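Architecture at a glance
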Amino acid sequence: MHSLLRFCFVLSLLVQPVFWVDAQKKPKKPRGNSKDGRNKQTGKKAEPKDPALAKYAIFEKSAPRPGSTKPLKTQLPLALAQGTRIAFIGNTLLDRAQDFGYFEAAMQQAFPKHELTVRNLTWAADALGTEPRPANFADVEQHLTIAKADVIFAAYGFNESFAGESGLPEFRQKLMTYVADLKAKAFNGKTGPRIVLVSPIANENVKGVAAADRNNKNIEAYTKVVREVARAQNVGFVDAFAPTEKAMASGGSDLTINGCHLNDEGYRLLGSELFKQTFGKSAPAVNEAVRAVVQEKNKQFFRRYRPVNTFYYTGGRNRSYGYLDFLPAMRNFDIMVQNRDRRIWDLAQGKKVPAKIDDSNVPPLPTTTASRGANKWMSPADELKAFKVDPRFEVNLFASEVEFPEIACPIQMRWDSRGRMWVSCSTTYPHVYPGNEPDDKIVILEDTDGDGKADKSTVFADDLQIPLSFEFGDGGVYVSEEPHMSFIKDTDGDGKADYREKVLTGFGCEDSHHALHDFVWSPDGDLVFRESIFHHSQIETPYGPIRQQNSGWFRFEPRLHRLTSFGTYHSTNPWGVTFDDWGQHVASH
């Protein structure tokens, strides 16, 4: 955590033209110093622990598991009963679908009186038998039990397809075993689930990577296996490969962002095909009001299912660490998700709804008994007095939050080719609280009159989530938004980002202060970055899944859409990476 504080300090003072500064040695402070930034007691009386909160701890060690039951046969077209609970599991295909919401919105519109509950339990780059999770994070079956799933849509086969023809027998055996086991579990406490297997989509040739040429032969072979397993196991099957391959071959706009992951138009097509093949009729015209709330519900559920700082929720620091008691937060996210379910149903049924979602039933979080302490606040002038400066150099203040409140809680800075300082700031850190929305920023500070001090501030982006690192490139900015890496840019020249794309997803977020960070361009033109301990990352790419655990290094080639994991080193809180004059990679521990 202290790394962020150091960066705040660096941003407070800037030296021109170059400088060397030696901070005065601090004498040892007595224990209990009120100015120390450690965890400390707030003095507030602890509230009694509510035993009812225990059910919100969905941990591998304690979460319930399903009982066994007689398997049901799944017949398509699928018939749904009122109150059916639907779950999505599998890889990035359905993981990214939650950002668009086309299929889910179509189901809600087509069956408005059914009041369907839909939960997305997917995980980027999951494969059969390969589902790495944070420490003590409940497995898929446990989450399906919590969700009380009646119907399961399962998407597997894409990541497995990179094993090629020789991997087909193993994939067939794994899928047969997995489906046979899945359908014999009473996740809803009564009967086995009805299951629909969703094949991989086709890949397409896009600028930078001929993904169709590379992958479609294998994907088609694995799709055939999925179809055959579905028939043998008496479960449903949706062929997502054939219709997407046909659409991609017809020309026109790309349907993917990188050859293998669908864009908005691609998910619109997929949603229509999933609906048509599952229910035997065409999907209704998209009601954008319904879809918008589906997306909002999915966003809140994602924060509950895969919270940032998972190590503090399920892992070794899940007691009290001075930030937030996660169980009340998980309860509140659950209530917020249910409120959005209700709004979706009301909209689908044609009822009038208030302009804003009503979350008045969400209780306040309990008072914490410990707080992350803060170092004594000092004015810029007082900070400068605390420095011991080599007499050959001069230190001057460039900008502070006194003049520019928007740069509060700074993390990283960079200079652009116009001499402007760009600063990423996060007030969301260490994670999103229920009821709040991330409003972290990238701010541009500019000295317009040449006096060595910033006099102009522009907020380039203000809806980011914990931007630990960013780097200029390709006409915009690559930015860390764990578990994603995003690309944002200004397309209309007003100085504010208006385009956003989730370029990569699946990076670990077990500990938010040293998740995806240290962005830097290599001499070869690759974007290099890393993460630190506790983290489990798995990211789908058109070249195959990339998996890394604990302090991994990555190299991304944007023009080729290629990500490479090139090593790991068990560093704890590392910040800082560069290349020397000989192109050697130099990084902090």
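As a reminder, the structure under discussion sits directly above these lines.
Here's a quick rundown of the structure.

The rules behind the values
- Residues numbered from 1 in each chain as written.
- Predicted model: local features only at pLDDT ≥ 70, side-chain atom pairs only at ≥ 80, totals over all residues.
- Heavy atoms only, no water.
- Helix = DSSP H or I, 4+ residues; strand = E, 2+ residues; numbered from the N terminus.
- Contact = heavy atoms within 4.5 Å.
- Buried < 20%, exposed > 50% of the residue type's maximum accessible area, 1.4 Å probe, protein only.
- 1 Å grid on protein atoms, 1.4 Å probe; cavity = no way out; pocket = protein on both sides within 12 Å on 5 of 7 lines; lining within 4 Å.
- Points joined across faces, edges and corners; volume = space filled by probe spheres on them.
- Nonpolar A, V, L, I, M, F, W, Y, C, P; charged D, E, K, R; others polar.
- Phe/Tyr/Trp six-rings, centres within 6.5 Å; stacked < 30°, edge-to-face > 60°.
- Lys NZ or Arg CZ within 6 Å of the ring centre and 35° of its normal.

We now examine the environment of Val477. Relative to the helices and strands, Val477 resides in strand β21 (residues 476-481). Along the backbone, Val477 and Phe487 are 10 residues apart, and their C-alpha atoms lie at a distance of 5.7 Å. Setting aside chain neighbours within four positions, we find Val477 in contact with Trp422, Ile442, Phe460, Phe470, Glu471, Phe472, Ser486, Phe487 and Ile488.

Turning our attention to the environment of Glu170. Here Glu170 shows up in helix α5 (residues 168-182). Here Glu170 falls in the partly exposed class, since its relative accessible area comes to 48%. Along the chain, Glu170 and Glu160 lie 10 residues apart, while their C-alpha atoms are 9.5 Å from each other.

Our focus in this paragraph is the layout of surface pockets. To locate leftover empty space, one rolls a probe as large as a water molecule over the atoms. Of the voids in this model, the second largest pocket is the one considered here, and its volume is about 970 Å³. Along its surface, the second largest pocket is lined by 39 residues, and Asp99, Lys299, His484, Arg500 and Lys502 are the ones closest to its centre. Looking at the lining of the second largest pocket, the elements that each hand over two or more residues are α2 (92-97), α9 (288-305), α10 (326-348), β19 (456-464), β22 (484-489) and β23 (499-505). Here the residues of the lining of the second largest pocket are counted per class, giving 16 nonpolar, 9 polar and 14 charged.

Now for the packing of aromatic side chains. Under the defined criterion, the tally for this structure stands at 28 aromatic pairs. Between Phe301 and Tyr305 the ring centres are 5.9 Å apart and the planes differ by 10°, which places this aromatic pair in the stacked class. Placement of both Phe301 and Tyr305 in helix α9 is noted, with a separation of 4 residues, approximately one turn of the helix. Residue Phe301 shares its accessibility class with Tyr305, and that shared class is buried. Their ring planes at 75° and their centres at 6.5 Å tell us that Tyr478 and Phe556 sit as a pair that is edge-to-face. On the criterion of sequence distance, the pair formed by Tyr478 in strand β21 and Phe556 in strand β28 (residues 552-557) is long-range, its members being 78 residues apart. The class of Tyr478 is buried, set by a relative accessible area of 5%. Among the aromatic residues, ring-to-ring pairing joins Trp123, Phe137, Phe301 and Tyr305 into one connected group. For the cation-ring pair, Arg119 lies above Phe301, with the distance from its terminal atom to the ring centre recorded as 5.6 Å. One cation-aromatic arrangement involves Lys489 over Tyr499; the distance from NZ or CZ to the ring centre is 5.2 Å.

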